[in-house]
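# Fold and geometry: a report
Letter by letter, the chains look like this.
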Amino acid sequence: MSGQRVGVVGASEIAPAVEAAGGIPVVDPEAFGSVRFVVAAGEPAIVDLVRGGIDVPVVAVSAGAGLRSVPFERLEAALTEALEAAVPVVDHPIIEVTGGFEPIRAVFDVGLMAAEPARISEFAVRSGGERVSRFRADGVVASTPAGSGGYNRNAGGPVLAPGTGVASVVPIAPFATAPGRWIVPLDSIELAVKRDETPVELLVDGRREAIVDPGGSVTVSRVGTLETHVLSASRSPF
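Residues numbered from 1 in each chain as written. Predicted model: local features only at pLDDT ≥ 70, side-chain atom pairs only at ≥ 80, totals over all residues. Heavy atoms only, no water.

### Comments concerning the overall build of the protein
Of regular secondary structure, the protein possesses four helices and 15 strands. Computed over C-alpha atoms, the radius of gyration of the protein comes to 19 Å, within 12% of the 18 Å expected from 2.2 N^0.38 for 238 residues, which places it in the range of a compact globule. Over its C-alpha atoms, taken along the principal directions, the protein stretches across nearly 60 × 30 × 30 Å. Burial analysis of the protein (238 residues in total) assigns 49% to the buried set. Look at the contacts in the protein between residues 6 or more apart in sequence, and 64% of them connect residues 24 or more apart. If you sum the accessible surface of the protein, you get close to 10500 Å²; carbon and sulfur atoms cover 48% of it. Positive and negative side-chain charges of the protein, numbering 19 and 28 respectively, have mean locations separated by a distance of 7 Å. (Helix = DSSP H or I, 4+ residues; strand = E, 2+ residues; numbered from the N terminus. Rg over C-alpha atoms; globule rule 2.2 N^0.38 Å. Buried < 20%, exposed > 50% of the residue type's maximum accessible area, 1.4 Å probe, protein only. Contact = heavy atoms within 4.5 Å. Areas by Shrake-Rupley, 256 points an atom, 1.4 Å probe, with all protein chains shown as cover. Lys, Arg positive; Asp, Glu negative; His and termini not counted. Charge placed at Lys NZ, Arg CZ, Asp CG, Glu CD.)

Take a look at the structure:
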């Protein structure tokens, strides 16, 4: 079916591909409420959509395996499929990070990291109000299934299947030789700073957002869902 409106974010190549597939590209985010779906290229574009409150399905392009994204070289065929047929979607949890700052929405991961190179701090993790662990490390990251193939995986955490509704929590460069790694529900996770030897930065979906003071903490909770199309060209999440 041609002539359908399709939102476009993140790369100049997308609009011509939408037109070639028979769609009408829409570049104004204020008009995304009236489009069939949004095509978003790259993780930064996905992050911007989530923070802006996206409520229509997304075709992720070169945005990581966790979102079942489509490679650029197969984009036109994927868009033709998405416009002409009913295709399945995958629900990805949107999380919100709260603390001594305005709430921040995310879809990939949340981390606390020592702001100075080669400096460690002490962190604590709680889930659902219960103590999970306390450890010394360069940092700690909590990842959704969509983000578990990124920093989490590089730090030794597991890749999580979409739809599992859990988070992987992993220390970054831990002081201990046999650190723990934990799978916890996404409903309520607390990451806290327990030492005052070095400043600690809050990173949300890879963006530096704030300094967390000693004794301070951030809370992660699930607040919504990002829908992405699963197309013939979509990559496996593993």
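### Remarks on the environment of Ala45
Looking at the secondary structure, you find Ala45 in helix α2 (residues 43–52). Given the relative accessible area of 5%, Ala45 is considered buried. With 15 residues separating them along the chain, Ala45 and Ala60 place their C-alpha atoms 9.1 Å apart. Look past the residues within four positions of Ala45 in its chain and what remains in contact with it is Val9, Gly10 and Ala40.

### Notes on α2
Count 3.6 residues to each turn of an α-helix, and residues three or four apart come out pointing the same way. For α2, the full list of buried residues reads Ala45, Ile46, Val47, Leu49 and Val50. Gly53 sits one or two residues past α2 and shows a positive phi near 90°.

### Some remarks on the pattern of salt bridges
In this structure the tally under the stated criterion is seven salt bridges. Among the ionic pairs, Glu122 bridges to Arg134, the shortest N-O distance being 2.5 Å. One end of the pair, Glu122, is in strand β8 (residues 121–127); the other, Arg134, is in strand β9 (residues 130–143), and 12 residues separate them in sequence. Overall, the relative accessible area of 42% leaves Arg134 in the partly exposed class. (Salt bridge = Lys/Arg side-chain N within 4 Å of Asp/Glu carboxyl O.)

### Examining the packing of aromatic side chains
For any pair of aromatic rings, geometry is given as the distance between the ring centres together with the angle between the planes. Applying the stated criterion across every chain yields a total of two aromatic pairs. With a centroid separation of 6.3 Å and 40° between ring planes, the pair formed by Phe123 and Phe135 is classed as tilted. Separated by 12 residues along the polypeptide, Phe123 in strand β8 and Phe135 in strand β9 bring together distant segments of the chain. For Phe135, a relative accessible area of 12% translates into the label buried. Ring centres of Phe135 and Trp182 lie 5.7 Å apart, and the angle between their planes is 20°; this geometry places the pair in the stacked category. Taken together, the positions of Phe135 in strand β9 and Trp182 in strand β11 (residues 182–185) put the pair 47 residues apart, joining distant regions of the chain. Of the two residues, Phe135 and Trp182, neither departs from the other in class, the shared state being buried. Put simply, the rings of Phe123, Phe135 and Trp182 touch in pairs and so form one group of aromatic residues. Above the ring of Phe175, the side-chain terminus of Arg136 is found at 5.0 Å from the ring centroid. (Phe/Tyr/Trp six-rings, centres within 6.5 Å; stacked < 30°, edge-to-face > 60°. Lys NZ or Arg CZ within 6 Å of the ring centre and 35° of its normal.)

### Some details on the nonpolar core
The tendency in soluble globular proteins is for nonpolar side chains to be buried as a group. Of all hydrophobic cores here, the largest spans 26 residues; its most connected members are Leu112, Val140, Val169, Leu191 and Leu202. Ranked by the residues each element gives to this core, the list is headed by β9, at four residues. Contact partners of Val140, with chain neighbours within four places excluded, come to Val110, Gly111, Leu112, Phe123, Val125, Phe135, Val169, Val170, Pro171, Ile172 and Leu191. By size, the runner-up hydrophobic cluster in this structure holds 23 residues, among which are Val47, Ile94, Val107 and Phe108. (Core = buried A, V, L, I, M, F, W, Y, C linked by side-chain atoms within 4.5 Å.)

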